[in-house]
Amino acid sequence: MSLRGCQGPPKLERLEKVMSQFSGSLDQDDLQDDPQELDLCGDKLMEARDISFQAIYNFLPFKSLDCVIFLEEVPILVQVTEVERFTSTRVLNPNLYTIELSHRGFKWKVKRRFKHFLALNQELLKFKALLKIPLPSQIHSVKRKSFKGRKRFNGGHLPSLPRRPDALVKEEQLTSRKMQLEDYLRNILKRPLYRIHPATLEFLEVSQISFIQDLGPKGLEGLILKKSGGNTFPVCYWCGSNSVCYRWSKRLSPEVFLKRPVVNGNMWRLDHVLKRKAQQGVKIFVLLYKEVEVVMGLNSEYTKKTLMGLHSNIRVIRHPDHMPSTALLWAHHEKSVVIDQSLAFLGGIDLAYGRWDDSQHRLTDVGSVRRSPQHSPAQSPSLTHQSVGTVEEDGVMKFSVVVEDIQNGSVEDPGEKCGSFTLPIVEEQRETNLSLTLPTGRLLRTPSEEKSRHNSDGTESKTCSLRSYIGSTELCGDTRFWHGKDYCNFILKDWVKLNKPFDDFIDRYKTPRMPWHDTGILVHGKAARDIARHFIQRWNFTKLVKKRSGATCYPCLLPKSLSAPMLPAEYEGKSTQANIQVLRSVCQWSIGSKVHEESIHLAYISAIQNSKHFIYIENQFFISCADKTIHNSIGDALTKRILRAHREKKKFRVYVVMPLLPGFEGDISSGGGQAIKAIMYFNYRTMCRGEHSIIERLKCVMADCWIKYISFCGLRTHADLDGRLVTELIYVHSKLMIVDDCTVITGSANINDRSMLGKRDSEMAVVVEDTEFQPSVMDEKSYQAGRFALSLREECFRLVLGLLGDNSIDISDPISDRFYKEIWMVTAAKNASVYDKVFRCLPTDAVLNYRILRDYMSRPCMAAEDPAQACAELKKIQGFLVQFPLYFLSEENLFPSFNSKEGIMPIELWT
């Protein structure tokens, strides 16, 4: 049946008539404008100031007339370019118009039907009519006041829309129709009052974030309709009533000092730095891991309240929320600091107690460990690192503090730098934003050689790395490296009363601190942008899932443009160009992703499989080799790579450096410490015990020749503590792998299932592939090594071997027999032997079971009985490297007994 076959007026004609009558009922004179009010001309493009990126943190309500949407003095160019006609499916509105718009450098398209033009026109008519009616509501009064402040409108008509519906427009009339609609929009957009109306903004698909240059090209925009009731995300919970999960916690505190020693009061304390930047206009966003209060000793609520109380520009969110009396099994383990979405610090170190350290790895704190000036036999130059780069003026010790740019091993001038990392925030930059996922931070390796620097008077002075600028000379007063709970040894005693950060909780006259060995990286450009986008994704996801929390009113964060930002001036000439890929371990509970990501794990496997010469690993854990219990296959990949080298009769070396003991509270000397033994069980299972272990699988093919291919080591040091010789292991917290002096993987991920599988702890890392090369040596042949990877590997080797500043020993060839056997293996074995002889320290290969352990610990050590002889023996120590005791308690089952609280925990907790 045709439309015109109906009795009475056709439906479309009736529709046109009703629309005409409704439009006519409004006072068309209200839409008259003064030609002077037309502030923009379509044919004239004027210079305008960009909208600041900071505007995204100050959103006004969507329908506010005070929103800053468009660039000042810049016209909006409009062109209706195309008409698509759908007469069979769209009877009333068959025409679909493509509208191309341009606003300075921003271009976008929208598609609209005639009904959308009608709706826009009606909204504008009602808007002008309602503004003349003195309604009593407060919101309306504000609108009227704003309207009255504008020029009175007299003269010229606002072009009216064509009254004929699209269904009555013939195909040959479409060109004219396009011009009419185009003219209507052009004239609407010339008038400020109509241009910023919410209906116009919705029609054009623009908002307060559309024309911010730092956000890149304008994309598709529109409001998202969300159902009420929120969302629920399946997460893995574990019911807990004791402190076992506390073992995995990280201590974060805002009272951490960033520059050491502390000589400028609180100026460089983290909370003071953040407050100072917030007062300057910097927006600071902090993501904290939310612990289970009855299970963990991590006081994130105290940290949140402290930071939030500093300034309104500091916003803090904790995640995840927990059900009552339950605990989430997994944790946010990533550590990152992102500045302006263009600089990013990434690594293993947390902004927390006990993490700050340098290359000296001190056991004692200067100015705080000598009660009397008594002489100690251990205070000879051979037992302490020499003081370099210190000067005395008028009896006051001065320090030249420098921090290496990790990219090329250069040093920076003393100044506004941090002992553990640099926060390159420009003081006068008010659009800066700082995003942190905490615990987080960075401790860059520092240069091995002294660098020359010319003073203004032409003389030459020496600056050196932070690790070597203070030696045996003590400071006076309260000048310390570690204040209060920052001086810690968490294997002896874990933290207590975290809300009292400056109260000591161990006796620093009796107990040496535990040194911290860690690595980190600073990246710039697109990689930093990707790290920022990860943070933004986590922030927005956390904001979405938070319930009954003030976080829901926090702003959503937005990523900046895809274009690479300019490198800050302070890094010019100090960076290394490289290909960098950002890696993650994330899943639904941690970031809302339906598909989990384990790109860190895949990157490790790929780098190992493609390696040609050597692999150097520093990691806090070494739990791998897949079976029914363990699922990551890093250990398997290492084993297969070594077996391939053996078959091909080629040289291949694997260096593994890890903690001598896991970092959990417990006394292994008395057979206690169930958490320590649980981690030891899985570490040893990966290295050398059981059919799935690396060494046992290699022995099946090559017998004892496995030692030619792989080396397991730890780090240890010694010192004088109030007249006594003491030793302590250096806790390796790094998450680093260097391959063939060309590829580096570093970040927050440990070698275990928790970090690698993606479905458990959340992690971040980067893989760096060098693109700048320099001449080197590999297997006594010329070799092109990557500039970044080579410098980092040599720095690692020199630090652990005690060769910083000593260029007499060649370490350029990492796989030659001379280096591997005569330097690396000999140094590690000799150091381990001396420590066993002097201190009878644990762990040791001399103790195979608990019976031997009791006898071993009952005998006095040389350090206590004969300090002079002990000092003579300790002169043989070179660096920190010691052989890993592969046979320690090998006759005992280290897995926690099932009648212990650790034994009833799921195995996934430890792996």
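The sections below set out a description of the structure shown in this document.

Rules used in this analysis
Residues numbered from 1 in each chain as written. Predicted model: local features only at pLDDT ≥ 70, side-chain atom pairs only at ≥ 80, totals over all residues. Heavy atoms only, no water. Helix = DSSP H or I, 4+ residues; strand = E, 2+ residues; numbered from the N terminus. Contact = heavy atoms within 4.5 Å. Pairing = 2+ DSSP bridges. Axes fitted to C-alpha atoms, helices over the stretch in contact; angles between N-to-C directions. Buried < 20%, exposed > 50% of the residue type's maximum accessible area, 1.4 Å probe, protein only. Expected span 1.5 Å × (residues − 1). Salt bridge = Lys/Arg side-chain N within 4 Å of Asp/Glu carboxyl O. Phe/Tyr/Trp six-rings, centres within 6.5 Å; stacked < 30°, edge-to-face > 60°. Lys NZ or Arg CZ within 6 Å of the ring centre and 35° of its normal.

## Things to note about the overall build of the chain
- Looking only at helices and strands, the chain features 20 helices and 31 strands.
- When contacts within the chain are restricted to residue pairs at least 6 apart in sequence, long-range pairs at least 24 apart make up 75% of them.

## Section: the sheet that holds strand β1 (residues 77-85)
- The three strands are arranged β1-β2-β3 in an open sheet whose pairing can be described as antiparallel. Unpaired on one side and paired on the other, β1 and β3 (106-112) mark the two borders of the sheet. Averaged over all neighbouring strand pairs, the angle between strand axes comes to 20 degrees, with direction disregarded.
- Here seven bridges tie strand β2 (residues 95-103) to β3, and the two strands are oriented antiparallel to one another. Bridge pairing in β3 places Thr-98 opposite Lys-111.
- Against the sheet, helix α2 (residues 114-131) engages β2 and β3, with an angle of about 60 degrees to β2.
- Most of the contacts of helix α4 (residues 174-189) go to β1, to which it runs at about 145 degrees, and overall it touches β1 and β2.

## Comments concerning the environment of Pro-814
- By secondary structure assignment, the location of Pro-814 is in the loop between α16 (787-801) and α17 (817-839).
- Relative accessible area serves as the criterion here: at 0%, Pro-814 is assigned to the buried category.
- On a C-alpha basis, the gap between Pro-814 and Phe-614 in space is 7.4 Å, while along the polypeptide they are 200 residues apart.
- Those residues in contact with Pro-814 that sit more than four places away from it in its chain are Phe-614, Arg-653, Tyr-655, Asp-741, Val-777, Met-778, Arg-793, Phe-797 and Phe-819.

## Quick look at α17
- The end-to-end C-alpha separation of α17 is 31 Å, in line with the 33 Å expected for 23 residues at 1.5 Å each.
- Of the residues one or two after α17, Arg-840 is the one with positive phi, at around 50 degrees.

## Brief notes about the environment of Val-338
- Of note, Val-338 is situated in strand β8 (residues 336-339).
- For Val-338, a relative accessible area of 2% corresponds to the buried category.
- Val-338 sits 184 residues away from Leu-522 along the chain, and the two C-alpha atoms are 9.7 Å apart.

## Examining the pairing of strand β18 (residues 520-524)
- Taking burial as the measure, the five residues of β18 include four buried ones, the bulk of the element.
- With five bridges joining them, strand β9 (residues 343-347) and β18 adopt antiparallel strand pairing. Considered in β18, the bridge of Phe-345 is made with Leu-522.

## Some remarks on the pattern of salt bridges
- The full count for this structure, using the stated rule, is 32 salt bridges.
- Across the pair Asp-486 and Arg-260 runs a salt bridge whose closest N-O atoms are separated by 2.8 Å. Taken together, the positions of Asp-486 in the loop between β16 (460-463) and β17 (516-517) and Arg-260 in the loop between β4 (237-238) and α7 (270-279) put the pair 226 residues apart, joining distant regions of the chain. The two residues Asp-486 and Arg-260 agree in class, both being buried.
- Between Glu-873 and Lys-876 there is a salt bridge; the shortest N-O distance is 3.2 Å.
- By relative accessible area, which is 7% here, Glu-873 ends up buried.
- Assessed through its relative accessible area of 45%, Lys-876 is described here as partly exposed.
- Ionic contacts of the salt-bridge type, sharing partners, join the residues Lys-651, Arg-653, Asp-779 and Asp-817 into one network.

## Concerning the packing of aromatic side chains
- Inspection of every chain in the model, using the stated rule, returns 30 aromatic pairs.
- Ring pairing ties together the aromatic residues Phe-53, Tyr-57, Phe-285, Phe-535, Trp-539 and Tyr-554, which thus form one cluster.
- One residue, Arg-112, lies across the ring of Phe-203, its end atom 5.3 Å from the ring centre.
- Lying over the aromatic face of Tyr-487, Arg-508 brings its terminal NZ or CZ to 4.4 Å of the ring centre.

## Notes on unusual backbone geometry
- Here the bond from Arg-260 into Pro-261 is cis, since omega is -5 degrees, no more than 30 degrees from zero.
- Summarising the element assignment, Pro-261 is placed in the loop between β4 and α7.
- In the segment running from His-319 into Pro-320, the intervening peptide bond is cis, with an omega of 5 degrees.
- In this structure, Gln-341 is a non-glycine residue whose phi angle is positive, near 55 degrees.

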